[in-house]
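Commentary on secondary and tertiary structure
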Amino acid sequence: MYFPIRNRIKSHRRVRAGDLVPHEWNFRLHPELQKAALQAIYEEVGFARSLLAYELTDGRLKLLDGHLRRDLDPNMEVDVEILDVTDDEARKLLLTIDPLAALAETQEQLHRRLLEQTPTDSDALVLAWQSAAAEVLEREPDRLVAIPEQFLILVTCRDEKQQVELLGRFGAEGLECKAMMT
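Let us look at the structure shown here. (Residues numbered from 1 in each chain as written. Predicted model: local features only at pLDDT ≥ 70, side-chain atom pairs only at ≥ 80, totals over all residues. Heavy atoms only, no water.)

1. Here we look at the nonpolar core
Our working definition: We define the nonpolar core as a collection of buried residues of types Ala, Val, Leu, Ile, Met, Phe, Trp, Tyr and Cys that are connected through side-chain atoms lying within 4.5 Å of one another. Think of it in three bands: with a 1.4 Å probe and only protein chains considered, a residue is buried below 20% of the maximum accessible area for its type, exposed above 50%, and partly exposed in between. Where helices and strands are cited, they refer to DSSP runs of H or I of at least four residues and of E of at least two residues respectively, numbered from the N terminus. Residues are treated as being in contact if the distance between any of their heavy atoms lies within 4.5 Å.
Grouped together as the largest cluster of nonpolar side chains are 14 residues, with contacts concentrated most on V15, L20, L51, L61, V78 and V80. At the level of elements, α1 (32–44), β2 (51–55), β3 (61–65) and β4 (77–83) are the ones that each hand at least two residues to this core. Per-element accounting of this core gives the leading share, three residues, to β4. Setting aside anything within four residues of it in sequence, one finds L51 in contact with L20, L63, D65, G66, R69, R70, V78, D79, V80 and E81.

Pasting the structure below:
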């Protein structure tokens, strides 16, 4: 069944973080590792994600996402995405936003390559990245499947033309092969 998706984003506003009202039903805790990693990414990259809130009848903004960012530096000016939602809808979002993101599966090989390609001098970021990777393995134990023993040959070709030629020849002989490039 198809139904139109309502856009509930009302506006964006720049406000002092400490002026945002923390949501009383925020069930997420922020351990020291997470605080240190947030501070480290602020130092290496900067502020790069708006906070999420909705407007109360008195005009104040109540947080749905961004409590740690609010608390890290209450005097920092932050961008806030403001939603047009009711209190009931806000509670549904609190129960959904972080858990929904946590349901995403990790492409292990791509994740490993990203870690290899992304240098940092921050111990806090390294620990956060390693902790997140370990959490994925705990959450998805079936990812730890034994890799069957394989015997491989790597052939270095002088150019793309030879690579295509050899792939065709080996494929015609019934050998399973694939092209790679470095």
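There's more to say after this.
2. Things to note about the side chain of H67
Short version of the rule: Here a polar contact is recorded for every N or O atom pair within 3.5 Å, except that within protein the pair must consist of a potential hydrogen donor and a potential acceptor, and residues adjacent in sequence are included only if both atoms are side-chain atoms.
Position of H67 relative to the elements: it lies in helix α2 (residues 67–72). Overall, H67 belongs to the buried group, its relative accessible area being 7%. Polar side-chain contacts of H67 include one of 3.0 Å to the backbone nitrogen of H23. Sequence-distant contacts of H67, that is, excluding residues within four places in its chain, are made with P22, H23, N26 and H30.

3. So, helix α6 (residues 160–172)
Helical geometry: 3.6 residues make up each α-helical turn, so side chains three or four residues apart lie on a common side. Spelled out, the test is: Helices are assigned an expected span. That span is 1.5 Å times one less than the residue count. The directions considered for the arc run from the helix axis to the C-beta atoms.
Along its 13 residues, α6 runs 18 Å from first to last C-alpha, staying within 8% of the 18 Å computed at 1.5 Å per residue. Along α6, the positions that sit buried rather than exposed are Q162, Q163 and L166. The buried residues of α6 all sit within an arc of 100 degrees when viewed along its axis, so they share a single face. Exposed residues lying more than 90 degrees from the buried face of α6 are E160, K161, V164 and A172. Here α6 starts with a cap whose side-chain oxygen sits 3.3 Å from the backbone nitrogen of K161, and that cap is D159. In the stretch just after α6, G174 is the one whose phi turns positive, near 85 degrees.

Geometric values such as these leave the question of function open.
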